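# Residue-level structure breakdown
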Amino acid sequence: MKDISVMYLLEIAWKRLWALVLAAVVFAGAAFVYCKFIATPKYSATASVMVTNGGLVDTEINQSTTSSSIKTSDLSASLSVADTVVDILKTPELYKTLSRKTGNKFSYTALMSMASVSRRSDESLFVDVTFSSSDREESIKLVNTFVNIAPEYVKEYIPNSYSKCTENAGISSQTAPRTTFTTVLFGVLGALAVYVVFLLTELLNRTINSSEEFTENFGIPLLGVVPDFEETGANENYAKAGNYGGY
């Protein structure tokens with residue numbers, strides 16, 4: 001078994017550098033063509049809903065006429081409500097309503113697979129909703145319709161809560177395919193795959209290429225080496241000297 005060292009690995013890469021570069025170019029090119037001309041683009045639009053409990057809303061309204069401050073208990077309750085609202089916004093009935101509002105173009109199950117609902121952070125009262133679609137304008141329409149019907153839907157489950165659309169989506173960004181990332185990734189993977197093939201070929205190769213390899217592999221000291229007369233031309237020189245046979 002050959003000793004594997006960093007220098008050994010680098011030597012294999014250097015000897016096959018042309019093949020590694022070629023593999024990287026071919027794989028990267030294939031990935032680029034797929035992303036640009038074959039893959040269906042996906043666009044995502046995000047809008048937000050703010051959620052609080054009734055006590056926090058009342059406190060905020062009364063601040064204009066009284067000196068009362070926001071109670072810690074109200075804030076904690078609002079944070080808990082936000083978690084519940086995230087679960088509510090993932091229930092099927094809301095997506096059935098969204099399907100009807102958007103002309104039944106998508107089934108509610110398809111809409112659920114297109115949506116992502118999550119809190120902006122553990123300490124935030126904002127819930128972000130994202131819809132992804134192959135059509136840029138469609139993703140904007142879906143998410144804006146969703147966040148505008150969501151407050152009434154939440155009110156049915158938590159009557160003392162308060163939720164409001166705070167940010168409609170105005171733009172939709174392409175999230176897939178990620179052309180640059182995919183091209184670079186496949187270029188690296190292609191070169192790596194070819195390199196692994198070359199490495200395995202070298203490791204499985206049992207041919208003895210030098211006297212040093214013979215000694216390393218078998219642990220037997222080498223007493224001498226029989227020269228290759230055809231390669232060195234020694235037999236031709238011997239014939240020219242007139243030694244055609246016998247002494």
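Our structure's up above, just so we're on the same page.
First things first, this report covers the structure right here in the doc. (Residues numbered from 1 in each chain as written. Predicted model: local features only at pLDDT ≥ 70, side-chain atom pairs only at ≥ 80, totals over all residues. Heavy atoms only, no water.)

Looking now at the pattern of salt bridges. A side chain with one charge can pair with a side chain of the opposite charge if their charged atoms come near. Taken as a whole and judged by the stated rule, the model has seven salt bridges. Between Glu202 and Lys15 there is a salt bridge, with the nearest N and O atoms lying 3.8 Å from each other. Remark: Lys15 occurs in helix H1 (residues 6–15) and Glu202 occurs in helix H8 (residues 179–204); sequence separation between them is 187 residues. Overall, Lys15 belongs to the partly exposed group, its relative accessible area being 40%. Of the charged contacts, one joins Glu202 and Arg16 as a salt bridge, the two residues approaching to 3.7 Å between their closest N and O atoms. (Salt bridge = Lys/Arg side-chain N within 4 Å of Asp/Glu carboxyl O. Helix = DSSP H or I, 4+ residues; strand = E, 2+ residues; numbered from the N terminus. Buried < 20%, exposed > 50% of the residue type's maximum accessible area, 1.4 Å probe, protein only.)

We now examine the packing of aromatic side chains. For the coordinates displayed, the defined rule picks out three aromatic pairs. Arranged with centres 5.5 Å apart and planes meeting at 55°, the rings of Phe131 and Phe146 form a pair that is tilted. Taken as a pair, Phe131 in strand S3 (residues 126–133) and Phe146 in helix H7 (residues 136–157) lie far apart in primary sequence, 15 residues in all. Each of the two residues, Phe131 as well as Phe146, counts as buried. For the ring pair Tyr153 and Tyr157, a centre distance of 5.2 Å and an interplane angle of 55° mean the geometry is tilted. A residue pair is termed a helical-turn pair when its members lie 3 or 4 positions apart in one helix, as Tyr153 and Tyr157 do in helix H7 at four residues. Assessed through its relative accessible area of 7%, Tyr153 is described here as buried. (Phe/Tyr/Trp six-rings, centres within 6.5 Å; stacked < 30°, edge-to-face > 60°.)

All quantities given are derived from atomic positions and should not be read as evidence of function.
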